[in-house]
Amino acid sequence: MGKQTYLVSVITPDRIGLTRDIAQAVVDLRGYISDMRQTIVSGFFSLIFVTEHEEEVGDALRGKLEALLPEGAVLAVMAHPEQVRQAVPRVGRRYVATASGEDKPGIMLAIASFMAGHGINIEDWSTIFDEAHVTHLAYVTFRERPEDFKAVQAAFRETMAKKGFSAQLCHEAIFRATGEVAPIKSIIQE
């Protein structure tokens, strides 16, 4: 029958040990978590992951997860065919987009609209709040290589400046070299 793959999503009030308990449920079914993203948003635990098994365990996995989650939790367990993984092809390496300024309505829409309008896929996005100030940080990839990347960078800065935000779009290696405490040589050689 071959490998069975599932895409699982969990949203529930946060508590210590949730990630461990979910991982244990997967291991109990002889599964392997091959990809995942977990975060806390306004006190809610959010986890999405891909799990691989040697046999069909969808109903058993759902049952184990439902048993450890409180009433009202949101749970989705979907068969995840391999061909879905590359629904949006990645061209080249990832880039980092940041936008920082006074929090106000419409900023998320402005960033998302810019990205969609330039054929840029948002792979990961988070916000960091410091009172009325917010910083948006996103890992993005291009659907096609831009003919003039500097023009896309300038357009992003200009679009966000009109909203009162400072912004940048740079290659992931440049972001890491200027934002991480690590030997530059080790970052560049990756």
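Structure's up top.
Residues numbered from 1 in each chain as written. Predicted model: local features only at pLDDT ≥ 70, side-chain atom pairs only at ≥ 80, totals over all residues. Heavy atoms only, no water.

## Digging into the overall build of the chain
- A count of helical and extended segments in the chain gives six helices and eight strands.
- Listing the helices and strands of the chain from first to last along the sequence gives β-α-β-β-α-β-β-α-β-β-α-β-α-α.
- Split into buried and exposed, the 190 residues of the chain put 32% on the buried side.
- In the chain, once contacts between residues fewer than 6 apart in sequence are set aside, the share between residues at least 24 apart is 67%.
- For the chain, the accessible surface area stands at approximately 11800 Å², while carbon and sulfur atoms represent 54% of it. (Helix = DSSP H or I, 4+ residues; strand = E, 2+ residues; numbered from the N terminus. Buried < 20%, exposed > 50% of the residue type's maximum accessible area, 1.4 Å probe, protein only. Contact = heavy atoms within 4.5 Å. Areas by Shrake-Rupley, 256 points an atom, 1.4 Å probe, with all protein chains shown as cover.)

## Notes on the sheet that holds strand 2 (residues 32-41)
- Read from one edge of the open sheet, four strands run 2-3-1-4, paired in antiparallel fashion. The outermost strands of the open sheet, each flanked by one partner alone, are strand 2 and strand 4 (74-79). Going from strand to strand, the sheet's axes swing by 10° on average, the running direction of each strand aside.
- Strand direction decides the pairing type here: strand 1 (residues 4-13) and strand 4, joined by six bridges, are antiparallel. Considered in strand 4, the bridge of Val 10 is made with Leu 75.
- Lying over the sheet, helix 2 (residues 58-68) contacts strand 1, strand 3 (44-53) and strand 4, oriented at roughly 165° with respect to strand 4. (Pairing = 2+ DSSP bridges. Axes fitted to C-alpha atoms, helices over the stretch in contact; angles between N-to-C directions.)

## Points about a nonpolar patch on the surface
- Together, Ile 11, Phe 44 and Val 74 make up an exposed nonpolar region whose accessible area comes to about 250 Å².
- Summarising the element assignment, Val 74 is placed in strand 4.
- Among the residues examined, Val 74 registers a relative accessible area of 46% and is labelled partly exposed. (Patch = residues over 30% accessible without salt bridge, like charges linked within 9 Å, V, L, I, M, F, W, Y side chains within 5 Å. Salt bridge = Lys/Arg side-chain N within 4 Å of Asp/Glu carboxyl O.)

## Regarding the pairing of strand 1
- Taken together, the 10 bridges between strand 1 and strand 3 define a ladder with antiparallel strand orientation. Bridged to Val 8 within strand 3 is Phe 49.

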